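Residue-level listing of the chains:
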Amino acid sequence: MRDYDAATAFLGEWGRFQRLVFFLLSASIIPNGFNGLSIVFLAGTPEHRCVVPRGANLSGEWRNASIPLELRGGQEAPSRCRRYRLAALANFSALGLRPGSDVELEAVEQEPCLDGWEYSRDVYRSTIVTEWNLVCANDWKGPLSTSLFFVGVLLGSFISGQLSDKFGRKNVLFATLAMQTGFSFIQVFSTSWEMFSVLFVLVGMGQISNYVAAFVLGTEILGKSIRVLFCTLGVCIFYAFGYMLLPLFAFFIRDWRMLLLALTLPGLLCIPLWWVIPESPRWLISQGRFQEAEDIIRKAAKTNGITAPDVILDPSELQDVNSQKQQTYTILDLMKTRNILTITIMSVLLWMIISVGYFGLSLDTPNLHGDVYVNCFLSAVIEVPAYIISWLLLRNLPRRYSMAAALFLGGCVLLFIQLVPSRIRALSILLVMLGKFGITSAFSMVYVYTAELYPTVVRNMGVGASSMASRLGSILSPYFVYLGAYDRFLPYILMGSLTVLSGILTLFLPESYGMPLPDTIDQMLLVKGLEYRPPSSSTRDSKEEEENPEIFKSTAF
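It should be emphasised that the depicted structure is a prediction, and the values quoted were computed from it without experimental measurement.

Caption draft 1: Focus on the state of the cysteines. Enumeration according to the criterion identifies 2 disulfides in this entry. Across the disulfide from Cys50 sits Cys113; the S-S distance is 1.8 Å. As the torsion about the S-S bond is roughly -60°, the Cys50-Cys113 disulfide counts as left-handed. With Cys50 in strand 1 (residues 48-50) and Cys113 in the loop between strand 5 (110-112) and strand 6 (117-119), the pair connects residues that are 63 residues apart, well separated along the chain. The pair formed by Cys50 and Cys113 is uniform in burial state, with each residue classed as buried. A sulfur-sulfur distance of 2.0 Å marks the disulfide that ties Cys81 to Cys136. Handedness here is read from the sign of the S-S torsion; for Cys81 and Cys136, about -95°, the answer is left-handed.

Caption draft 2: Examining unusual backbone geometry more closely. One non-glycine residue, Asn133, lies in the positive phi region at around 50°. Summarising the element assignment, Asn133 is placed in the loop between helix 7 (128-132) and helix 8 (141-167). Classification of Asn133 by relative accessible area gives partly exposed; the value is 27%. Positive phi, close to 55°, is recorded for Cys136, a residue that is not glycine. Within the secondary structure layout, Cys136 lies in the loop between helix 7 and helix 8. For Cys136, a relative accessible area of 16% corresponds to the buried category.

Caption draft 3: Up close: the nonpolar core. Ranked by size, the top nonpolar core spans 119 residues in total, and within it Phe41, Ile128, Phe196, Ile354 and Met403 carry the most contacts. Of all the elements, helix 20 (residues 425-453) adds the most residues to this core, at 14 residues. Not counting residues up to four positions away in its chain, the partners in contact with Phe196 are Ile39, Leu42, Ile128, Trp132, Gln187, Ser190, Trp256 and Leu260. Among the nonpolar cores identified, the runner-up in size contains 16 residues, and Val52, Ala56, Trp62 and Ala90 belong to it.

Caption draft 4: Region of interest: the packing of aromatic side chains. For the structure shown, the criterion picks out 24 aromatic pairs. With 5.4 Å between their ring centres and 75° between their planes, Phe149 and Phe150 make a pair best called edge-to-face. Seen from their ring centres, Tyr358 and Phe359 are 4.9 Å apart, and the 90° between their planes marks the pair as edge-to-face. Residue classification places Tyr358 among the buried positions, given a relative accessible area of 3%. On the basis of relative accessibility, which here comes to 8%, the residue Phe359 falls in the buried class.

Caption draft 5: The arrangement of the pattern of salt bridges in detail. Inspection of every chain in the model, using the stated rule, returns 11 salt bridges. The salt bridge partner of Asp115 is Arg83, with a shortest N-O separation of 2.8 Å. Placement of Asp115 in the loop between strand 5 and strand 6 and of Arg83 in strand 4 (residues 82-84) is noted, with a sequence separation of 32 residues between them. Judged by its relative accessible area of 2%, Arg83 is buried. A salt bridge links Arg298 to Glu294; its shortest N-O distance comes to 3.0 Å.

Caption draft 6: How the structure looks around the confidence of the model for the protein. Of the residues in the protein, 88% have a pLDDT of 70 or more, and the chain-wide mean is 82. Here residues 320-327 is a poorly scored stretch, pLDDT under 50, and it has 5 contacts once near neighbours within four places are set aside; other chains count. The low-confidence segment residues 532-557 (pLDDT under 50) makes 70 contacts with residues lying over four places distant or belonging to another chain.

Reading the values: rules and limits
Residues numbered from 1 in each chain as written. Predicted model: local features only at pLDDT ≥ 70, side-chain atom pairs only at ≥ 80, totals over all residues. Heavy atoms only, no water. Disulfide = S-S within 2.5 Å. Helix = DSSP H or I, 4+ residues; strand = E, 2+ residues; numbered from the N terminus. Buried < 20%, exposed > 50% of the residue type's maximum accessible area, 1.4 Å probe, protein only. Core = buried A, V, L, I, M, F, W, Y, C linked by side-chain atoms within 4.5 Å. Contact = heavy atoms within 4.5 Å. Phe/Tyr/Trp six-rings, centres within 6.5 Å; stacked < 30°, edge-to-face > 60°. Salt bridge = Lys/Arg side-chain N within 4 Å of Asp/Glu carboxyl O. pLDDT = per-residue confidence, 0-100.

Take a look at the structure:
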């Protein structure tokens, strides 16, 4: 019985049709790069201090002394959230007393910013923080907006796979692209922080859903050799390219509403792709729509300048894979044996910690020394070599040591940041970028590594559970950045320590490089210290399994 790959082998691997699908699907990921981290600039917090009303009966000297000083970053700076009580200052001013010489300012009673705040416009003209005063007592709302976006990503992860299985990869891809673009456009007209945040949840749902749909569509259309390249470099590099565009947009557009509009409109460029990107023939076959699948394959052959055989798909030879493999496993099977339970717990911790590190460092770029736009651009650029290095490591070196090395690099340099003298700011930024490089490399490798550890019968569930942990990590990451308001180095100490611990944890996982991938739970590789069970003779070659689209479908989250 011929499978789909055998039936379509005459198309070749890298014809004009495959190149078109590869680059157009990768290009559809670009908006995800700049929309996913747009909150870095939309919710940027500029320098601010309490407003002293013009009507306050204060002399110029007392007006200048109305804001107390506080120690911040080792230096004295005007308080962001407190001022001296204006009624007391007005009395001192009326009596002709002078601040400092006649009145000890430390003894004067303080009060919160009752009349609002004045914001510096040196970096941002306006952000959601300045528009809705998300500072001081309300400063928790900024990180919450980011977390709610990732809540949307978590919800989208739940439903995107089911929707694309039911309604088709192409339909879901463009429907969720429209969802992301549409709700992002409505966000521009938000009248309150609550409205902005609710819409941000929906944008997050649309973003992850179109990412997954494009990922799966590419793996199902492209041939074996190109499929691996698409899943590792194609999608990731184009995502990083979109991320690089974000600081460029933000540099020239300093108003948050206009910036969000500028980031939303490129989504309209995806509309013409509807008439170019085909539906997945594999999905059509799984639905029994053989004629539609054959029409797409014949069109692909014509695009590649190849004459198609008279009969491409014979329904009597091709059977739906899903009907052959009835899934009788549940999430409880991830705890069936001590070995698989240990691997599941370790994978969940690993994914969560890596996600906290990746998104924590990405969201923290405004807090670095130097220009916020340059720092964000560097944070995006460093991802490109990280993806390339991780791809090379996956092809040539053991998974466990590659992952551990990347995590140790990322974690150790983050821990060293606190030791850098404050005057050598460039070194601090370099260490942060090295940390981002290591964690991004690990993030790229953990997808494949996890898929190789789980057996075929529970691979989707195993990677899905790990992916869910990753989303929980991304939800927590804004609050790691938030801790920097209390101690500048605390986020790096926490992220660095957790990353080093995850590197140590990785060393206890079994090595899957060059090993036959397991089909059943009994065939799984064993964690160190657990009793070994020899695999059965029915294992398959790992290289063939790596190229199986089922693995990459399961890593799409």
